[in-house]
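# Examination of the molecular architecture
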Amino acid sequence: MWRLARALAPDLRQKRLLSCAIPGPCIVHKRGTDILHDPWFNKDTAFPLTERDRLGLRGLLPPRVISFEQQHDRFMVSFRSLENNTRGERADITALAKWRILNRLHDRNETLYYRVLIDNIEDFAPIIYTPTVGLVCQNYAGLFRRPRGMYFSAKDKGEMMSMIYNWPANEVDMIVLTDGSRILGLGDLGVQGIGIPIGKLDMYVAAAGFNPQRVLPVMLDVGTNNQKLLENNLYLGLRQPRLEGDEYLDIVGEFMEAVFKRWPKTIVQFEDFQMKWAFETLQRYRRKFCMFNDDIQGTAGVALAGLLGAVRAQGRPLSDFVKQKIVVVGAGSAGIGVLNMAKQAVSRMMGNPDMEEFAAKNPFWLLDKFGLVTKARKDLDPAATPFARGFGPCEIEGLGEGASLIEVVKKVKPHVLLGLSGVGGIFNEEVLRAMRESDSPRPAIFAMSNPTMNAECTAIDAFKYAGENIIFASGSPFENVELGNGKVGHVNQANNMYLFPGIGLGTLLSGAHFITDGMLQAAAERLASYITDEEIQKGILFPSISSIRHITTEVGAAVIQAAVAEGLAEGYHDVRARELELMSKEEIVNYVARNMWYPVYSPLVHEK
Ligand SMILES: NC(=O)C1=CN([C@@H]2O[C@H](COP(=O)(O)OP(=O)(O)OC[C@H]3O[C@@H](n4cnc5c(N)ncnc54)[C@H](O)[C@@H]3O)[C@@H](O)[C@H]2O)C=CC1
Ligand SMILES: CC(=O)C(=O)O
Ligand SMILES: [Mg+2]
């Protein structure tokens, strides 16, 4: 599969030339400085002289015309010089300075912004996405210069249907929505969480080729329980405690109705909602609207791909997945989401056993802030119940309710230790050393919490204490680890960014009105099969982020195929469902690639 995938990969430069060769004209209803101040149309010094004449720009720009490539290179030179000049500064100061320079470009010239993002995604993903986006959210009040996206607040109740028409675009393909209640592992950041939908949508544009004019970041501001923010005079959100219960759900419901009224074909990604609302809204809306929850469903697919890779890394067949002992630390939306999907995979491999049969072999141990989750737990969360220990005969003596992480690791000797707790450093030296006694010849350690300071352990500590033969993955990027003698400990980034862009793109291009488990499973399986056995042996579970556009093409194609197989595909624009049904796998991949937006300057044609 992967070989085919690679063979189809268009060379980036060639693709750039192809895209440049045939840019369609773009109608503009503005002239003169209005164009220069519109980041969508602005080309800065790249406006050709004829276009300057046509659009009333003559004299408003320095006379020399600079090419797109020169602009790109000039930006990168100034970015690199900033990197050099801030060397030795505190990491957060440097990171914010880099974010500012990118954000200024985003405000001024979107085409150039997305071009530098796509061409340098390895350098820029850690700035527009995790970890720096976390810092940006924390400092949002001070960093705010101009709005991006839309804000709906509890005070807008009853007004949302009309407010939605304030957005200037007639069509919106993708919306990322947050209520700011659990931003990465940083907790409740209220309205400041808007940075997350913006960052996720930048990934949609860069990785999946969504047209940036047709995406919409949204903040649903229902208040905050973050006392520091409530006391901050510069805080830009509602200064009230979070709405709860029906009051809260009414706001979300009104927003969803308004959005789908105006844009019936849009897709809404729920992002960074606290657990209770993440599950509740997913259950409420997944069969009513085209939506998914990235933290529950996107993360699950990425983790499953990693878990299957960890089986292959041991030289075992995938069917041995049912024999893996997996300890998950964190019983929140992400941890439970991962377990639900892993359980579905195990159940399929076991021939869909009933609950009792499954409990007899239950390969999962789940911990939360109170320790091991068992059936003896008072007020056991229904979402955690299927994974609570104590239901079957495969229990381990001495491991009872609330057992600590170190006790669990020492007694279970897990094949995989997976963290989605949001607690930095919880995989401490003792825990990591205990993983040396794992029953796996290549134990897997996934420290998936974000941002970097919330990772359950660092890459260096993982290889140092748990041994050089481990497989390591983290949610935020770490450098590969030098192990001496020329050996390298490979660091994987296990982040839902490998899936959500493809889930969104595949759904859009299939025309499906719902996102089913089958579509999500197909996305995860395509990601899992992307990596070769050779790479897996080197500890590589996920491809480099530099190939994310290609991975997304594959994932998107898998989602379309699943939608077609389930009879949900209704087609997109002039491609009808019947045509999709008749396409081969390769044709679907090409169809996806053809529909990805790529930033080039289009000739602008003025119309009154
Ligand atoms: N790598 C990725 O793609 C993703 C990473 N995440 C990260 O996962 C983390 C958790 O996200 P959610 O599940 O949505 O949060 P959540 O708040 O819903 O859940 C956190 C869970 O961790 C548990 N926990 C807290 N302290 C603990 C401790 N000392 N020991 C064991 N468990 C503890 C809590 O009891 C809770 O069950 C965040 O840091 C987030 O950034 C989330 C989604 C995707
Ligand atoms: C990656 C992501 O979605 C999170 O950390 O919440
Ligand atoms: Mg998230």
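If you look the chain up in an unreviewed UniProt entry, it shows as Malic enzyme from Amborella trichopoda. The Sequence similarities (unreviewed entry) field of the UniProt record for the chain holds the comment "Belongs to the malic enzymes family." Note on the chain: under the UniProt heading Catalytic activity (unreviewed entry), the record states "(S)-malate + NAD(+) = pyruvate + CO2 + NADH".

### With respect to the overall build of the chain
If you tally the helices and strands in the chain, you get 27 helices and 18 strands. For a compact globule of 608 residues, the expected C-alpha radius of gyration is about 25 Å, and the chain comes in at 24 Å, within 12% of that figure. Its C-alpha atoms put the chain at 80 × 60 × 55 Å along the principal axes. Among the 608 residues that make up the chain, the fraction classed as buried is 60%. The contacts of the chain with a sequence gap of at least 6 include a subset with a gap of at least 24, amounting to 73%. In the structure as shown, the chain presents an accessible area of about 25,300 Å², 52% of it carried by carbon and sulfur atoms.

### Brief notes about the nonpolar core
Within the largest apolar cluster, 174 residues are counted, with the highest numbers of intra-cluster contacts made by F255, M256, F321 and L418. Counting residues per element, this core draws most heavily on helix α16 (residues 294-313), at 11 residues. The residues touching F255, leaving out its near neighbours within four places in the chain, are F152, M160, I164, I175, L177, V218 and L220.

### A closer look at the site of ligand 1
Around ligand 1, a shell composed of 26 residues is seen, among which R182, A331, S333, M448 and N496 lie nearest. Here an oxygen atom of ligand 1 sits 3.3 Å away from a polar atom, N or O, in the main chain of G332. Here A334 contributes a backbone N or O atom positioned 2.9 Å from an oxygen atom of ligand 1. Considering ligand 1 on its own, with 860 Å² of exposed area, one finds that the protein chains cover 84% of that surface. Contributions of two or more residues to the shell around ligand 1 are made by α16 and α17 (333-349). Per-class residue counts for the shell around ligand 1 are 10 nonpolar, 12 polar and four charged.

### Comments concerning the sheet that holds strand β4 (residues 215-221)
Read from one edge to the other, the open sheet built from five strands follows the order β2-β4-β3-β5-β6, with strand pairing classed as parallel. Of all the strands in the sheet, the pair left with one neighbour each is β2 (150-153) and β6 (291-293). Taking the axes of each pair of neighbouring strands and ignoring which way they run, one obtains an average angle of 20 degrees across the sheet. In this sheet, strand β5 (residues 267-270) lies alongside strand β3 (residues 174-178) in parallel orientation, the contact comprising four bridges. For L177, the partnering residue across the bridge sits in β5 and is F270. Helix α14 (residues 245-262) rests against β2, β3, β4, β5 and β6 of the sheet, and its axis sits at about 155 degrees to β5.

### With respect to the site of ligand 2
The immediate surroundings of ligand 2 are formed by Y129, R182, L184, K200, E271, D272, D294, D295, N450, N495 and N496. The contact in question runs from an oxygen atom of ligand 2 to an N or O atom on the side chain of D295, over 3.0 Å. For the shell around ligand 2, the class distribution of residues is two nonpolar, three polar and six charged.

### Considering the coordination of the magnesium ion (ligand 3)
The protein atoms that coordinate the magnesium ion (ligand 3) are E271 (OE), D272 (OD) and D295 (OD), at distances of 2.0 to 2.1 Å. Positions of the donor residues of the magnesium ion (ligand 3) along the chain correspond to the pattern E-D-x22-D. Here D272, found in the loop between β5 and α15 (275-285), pairs with D295, found in helix α16; they are 23 residues apart in sequence, far enough to count as distant.

### Quick look at helix α25 (residues 548-565)
Taking 1.5 Å as the rise per residue, α25 with 18 residues should run 26 Å; its terminal C-alpha atoms sit 25 Å apart, in good agreement. Counting buried positions along α25 yields 15 of 18 residues, so the element is predominantly enclosed. One or two residues past the end of α25 sits G567, with phi positive at roughly 70 degrees.

### Overview of the UniProt feature "domain: Malic enzyme N-terminal" (unreviewed entry) in the chain
Here the UniProt feature "domain: Malic enzyme N-terminal" (unreviewed entry) sits at residues 106-286. The span residues 106-286 carries 46% helix and 11% strand; its end-to-end C-alpha distance comes to 33 Å.

### Digging into empty space enclosed by the protein
The gaps left among the atoms become clear once a water-sized probe is rolled over them. Applying the stated criterion across every chain yields a total of two cavities of 30 Å³ or more. In this structure, the largest cavity occupies an estimated 300 Å³ of space. Contributing to the lining of the largest cavity are 22 residues, with W99, N103, V136, R148 and I198 lying nearest its centre. Where the lining of the largest cavity is concerned, the elements lending two or more residues are α6 (91-108), α9 (132-138), α10 (140-143) and α12 (195-208). Residue contributions to the lining of the largest cavity peak at five residues, all from α6. Along the lines of polarity and charge, the residues of the lining of the largest cavity split into 13 nonpolar, four polar and five charged. Two domains share the lining of the largest cavity, each providing at least three of its residues, namely domain 1 (20-122) and domain 2 (145-286).

### Remarks on the side chain of Q240
Residue placement: Q240 occurs in the loop between α13 (227-230) and α14. The residues touching Q240, leaving out its near neighbours within four places in the chain, are A154, K155, V222, G223, T224 and L230.

### Brief notes about the domain arrangement of the chain
Size of an interface, as often reported, equals the accessible area lost when the parts are brought together. Here the chain is described as being made up of domain 1 (20-122), domain 2 (145-286), domain 3 (298-492) and domain 4 (499-594). Domain 1 and domain 3 are separated by 44 Å when their C-alpha centres are compared.

### Description of the layout of surface pockets
Of the voids in this model, the largest pocket is the one considered here, and its volume is about 1,200 Å³. Lining of the largest pocket is provided by 42 residues; of these, P126, P131, P477, F478 and E479 occupy positions nearest its centre. Counting residues per element, the ones that place at least two in the lining of the largest pocket are α5 (68-85), α6, α8 (121-128), α9 and β15 (491-493). A per-class count over the lining of the largest pocket returns 21 nonpolar, 13 polar and eight charged.

What counts as what
Residues numbered from 1 in each chain as written. Chains lettered and ligands numbered in written order. Predicted model: local features only at pLDDT ≥ 70, side-chain atom pairs only at ≥ 80, totals over all residues. Heavy atoms only, no water. UniProt positions renumbered as here; feature names shortened; annotations may be inferred. Helix = DSSP H or I, 4+ residues; strand = E, 2+ residues; numbered from the N terminus. Rg over C-alpha atoms; globule rule 2.2 N^0.38 Å. Buried < 20%, exposed > 50% of the residue type's maximum accessible area, 1.4 Å probe, protein only. Contact = heavy atoms within 4.5 Å. Areas by Shrake-Rupley, 256 points an atom, 1.4 Å probe, with all protein chains shown as cover. Core = buried A, V, L, I, M, F, W, Y, C linked by side-chain atoms within 4.5 Å. Near = heavy atom within 4 Å. Polar contact = N/O pair within 3.5 Å; in protein donor to acceptor, adjacent residues only side chain to side chain. Nonpolar A, V, L, I, M, F, W, Y, C, P; charged D, E, K, R; others polar. Pairing = 2+ DSSP bridges. Axes fitted to C-alpha atoms, helices over the stretch in contact; angles between N-to-C directions. Donors = N, O, S within 2.8 Å, 3.2 Å for Na, K, Ca; no water. Expected span 1.5 Å × (residues − 1). 1 Å grid on protein atoms, 1.4 Å probe; cavity = no way out; pocket = protein on both sides within 12 Å on 5 of 7 lines; lining within 4 Å. Points joined across faces, edges and corners; volume = space filled by probe spheres on them. Domains from an automatic or database assignment.

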